Amino acid sequence: MGTPELISPRSPRVAAAKRLTRRSFRGKERQFIAEGPQAVREAVEHRSDGRATLIELFATVEAADRYADIVDAAHSAGARVHLAPDEVLAEVSQTVTPQGIVGVCRFLDSPFEEILAAKPRLVAVLAHVRDPGNAGTVLRCADAAGADAVVLTDASVDLYNPKSVRASVGSIFHLPVAVGVPVEQAVSGLKAAGVRILAADGAGDDDLDDELDAGTMGGPSAWVFGNEAWGLPAETRALADAVVRVPIHGRAESLNLATAAAVCLYASARAQRASGGCRSVTSN
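Values in this document were obtained by computation on a predicted structure and should not be read as measured data.

What counts and what doesn't
Residue positions are counted from 1 within each chain, in the order its sequence is given. Only residues with pLDDT of 70 or above have their local features reported here, since the model is predicted, and side-chain atom pairs are shown and tallied only from 80 upward, although totals for entire chains, interfaces and linings are computed over all residues. Side-chain calculation: all heavy atoms of the structure are included, whereas hydrogens and water are not. Remark: exposure states derive from per-residue accessible area (1.4 Å probe, protein chains only) relative to the maximum for the residue type, with buried under 20%, exposed over 50%, and partly exposed in between. Here a strand is any run of E in DSSP of at least two residues, a helix any run of H or I of at least four, and the numbering for each starts at the N terminus. We call two strands paired when DSSP finds no fewer than two bridges between them. We count a salt bridge whenever a side-chain nitrogen from Lys or Arg sits within 4 Å of a carboxyl oxygen from Asp or Glu. In these notes, a set of buried Ala, Val, Leu, Ile, Met, Phe, Trp, Tyr and Cys residues joined through side-chain atoms within 4.5 Å is what counts as a nonpolar core. What makes two residues a contact is simply this: any of their non-hydrogen atoms within 4.5 Å.

A. Spatial organisation of the pairing of strand E2 (residues 31–35). Burial of E2 is extensive: 4 of the 5 residues sit out of reach of the surface. One ladder, built from 5 bridges, connects E2 with strand E7 (residues 101–106); its direction is antiparallel. Considered in E7, the bridge of Phe32 is made with Cys105.

B. The pattern of salt bridges, seen in detail. Evaluated as defined, the whole model comprises 12 salt bridges. With a closest N to O distance of 3.9 Å, Asp241 and Lys191 form a salt bridge. Taken together, the residues span a long stretch of sequence, with Asp241 in the loop between helix H12 (234–237) and strand E14 (242–245) and Lys191 in helix H10 (residues 183–192) at a distance of 50 residues. Put simply, Arg196 and Glu211 hold a salt bridge, and the shortest N to O gap is 3.1 Å. With a gap of 15 residues between them, Arg196 in strand E11 (residues 196–200) and Glu211 in helix H11 (residues 208–214) connect regions that are remote in the sequence.

C. The arrangement of the nonpolar core in detail. Counting residues in each nonpolar core, the largest one holds 60 residues, and the members touching the most others are Phe32, Val150, Ile172, Trp223, Phe225 and Leu265. Considering every element that reaches this core, the biggest residue donor is helix H13 (residues 257–273), with 7 residues. Contacts of Phe225, omitting those with residues within four sequence positions, involve Ala124, Val125, Leu126, Ala127, Val129, Val138, Ala200, Leu232, Leu257, Ala261, Cys264 and Leu265. Among the nonpolar cores identified, the runner-up in size contains 22 residues, and Ile115, Val123, Leu190 and Val243 belong to it.

Written out as structure tokens, the structure reads:
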């Protein structure tokens, strides 16, 4: 292990990292912040375009001792490692209670064309999703469900918003993500690649249980998820092969975006893994 350098709160490196909390600077530098041991550990192992994704690591003395394996791996990956006082981590971090370790990473989004060329079977498309916490949580759900990719349309939140990165809990480093794709281009490209487009909407004509019972979900699918408050606009729903609602069997008014996304993505994942499609256990 190399010897981490002690860094001053007034260091230009600290100022540069702090600026990455703003979208304009993230875009200019094509770098973002990953907070906490789980995200940083995933960043250390990730490579993009043949280069290590993690560029720089800031850690308190206590965190560097607690997560010595991460610090060692960061050194081995060629990242600059800085020991920093708590006040530095508080400035660079966006959380109320920082965990003492923060990484500066290169952008890692994938071209949409590469995602299509890989012939994906399960994709989450975030159209008009504005809440960074929801975006990160849906990315995490997609990762857990075994999705092949996530697409954020040009009307959605910044993938690299610190809240999005935190909410993904490291999943941002696990699967390809395309950003800034117009929803019409996303849908037309996926359709041309043989992927069925399912728009998730609480007022959809098709019921998710009926889709599963009919065995129509075993093929490649892309779920399109809309805005947290007003869902998907009519013109986006019109692009889909089916507009599907998650059935509400109890008295709840609706499901939030991330919960609905988890249900939809896991339904597709189960159907794709089932021999001959997925049937409800209650069907005759």
